Amino acid sequence: MVSLADADGTAEPLKKRDRADSGSSNGSVNNNVERRVFETNVVFNKKDKTRRFPDNAIKTAKYNCFTFLPKNLFEQFTKMANFYFLVLSFMEMIKPISDSNGQPILLLPLSFVVGVSMIKDGFEDSKRKKSDKEENERVTLNCKRGEA
């Protein structure tokens, strides 16, 4: 059930209307219904006057200093080719089935590919952070209630 609130914070329930009550057979909404606008701060937290709306800062960056390595390694090894070569390099360490006498030779090219991809992802993420910072610092026009 949906409810609308008056300016004093009291809420009254709205009942769903049947299509037959709306006055048209095609299911369109009756435009004669009075609509009310209310501030969520007033309705949901009437006593706390200092409460603000959530921050609307843009954040599209994937990583921070602490999560870059684990998140990026997880992302790299969810790629099927990287995971395949990781499994092959582990299998190379088993002497009875290895051609390289237990030496994981495939780890060198795999670590090079993963390292280059990590550098590329870090560079792209730093560009995202810079773009987010520029967007969040842009000057905006704040309209107060009743102005437009």
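Conventions adopted
Residues numbered from 1 in each chain as written. Predicted model: local features only at pLDDT ≥ 70, side-chain atom pairs only at ≥ 80, totals over all residues. Heavy atoms only, no water. Helix = DSSP H or I, 4+ residues; strand = E, 2+ residues; numbered from the N terminus. Buried < 20%, exposed > 50% of the residue type's maximum accessible area, 1.4 Å probe, protein only. Contact = heavy atoms within 4.5 Å. Axes fitted to C-alpha atoms, helices over the stretch in contact; angles between N-to-C directions. Parallel < 35°, antiparallel > 145°, perpendicular 65-115°, else oblique. Left-handed = near helix turned anticlockwise from the far one by under 90°. Nonpolar A, V, L, I, M, F, W, Y, C, P; charged D, E, K, R; others polar. Salt bridge = Lys/Arg side-chain N within 4 Å of Asp/Glu carboxyl O. pLDDT = per-residue confidence, 0-100. Expected span 1.5 Å × (residues − 1).

Points about the overall build of the chain
Along its length, the chain carries four helices and two strands. Starting at the N terminus and walking to the C terminus, you meet the elements of the chain as β-β-α-α-α-α. Burial status across the chain gives 16% buried among its 148 residues. Considering only intrachain contacts with a sequence separation of at least 6, the fraction spanning at least 24 residues in the chain is 48%.

As for the packing of helix α2 (residues 68–77) against helix α4 (residues 107–136)
Two elements in contact, α2 and α4, have axes whose closest approach is 10 Å; the angle formed by their N-to-C orientations is 120 degrees. Between α2 and α4, the angle is such that the two are oblique. Considering only the axes of α2 and α4, their crossing is right-handed. Residues F68, L69, N72, L73, E75, Q76 and F77 of α2 pack against L110, V114, S117, M118, D121 and G122 of α4. Along the lines of polarity and charge, the residues of the contact of α2 with α4 split into seven nonpolar, four polar and two charged.

Some words on the pattern of salt bridges
Following the criterion strictly, the structure yields five salt bridges and no others. K62 serves as the salt-bridge partner of E75, at 3.5 Å between the closest nitrogen and oxygen. In this pair, E75 sits in helix α2 while K62 sits in the loop between α1 (40–44) and α2, placing the two residues 13 residues apart along the sequence. In this structure, D121 engages K120 in a salt bridge whose closest nitrogen and oxygen atoms are separated by 3.2 Å. Of the residues examined, K120 reaches a relative accessible area of 42% and is grouped as partly exposed. One network of salt bridges, with partners in common, ties together K120, D121 and E124.

Considering the confidence of the model for the chain
On average, residues of the chain score 77 in pLDDT, and 61% of them are at 70 or above. Counting contacts from residues 1–7, a segment whose pLDDT is below 50, to residues more than four positions away or on other chains yields 22 contacts. Taken together, the stretch residues 11–24 has pLDDT below 50 and engages in 21 contacts with residues farther than four places along the chain or on a different chain.

Focus on the environment of A57
Inspection of the secondary structure puts A57 in the loop between α1 and α2. Placed 79 residues apart in sequence, A57 and N136 show a C-alpha to C-alpha distance of 5.8 Å.

As for α4
Note on helix geometry: an α-helix contains 3.6 residues per turn, so any two residues three or four positions apart are oriented the same way. Over its 30 residues, α4 runs 42 Å from end to end, which matches the ideal 44 Å to within 8%, given 1.5 Å per residue. Of the residues making up α4, those classed as buried are L110, V114, S117, M118, D121, D125 and D132.

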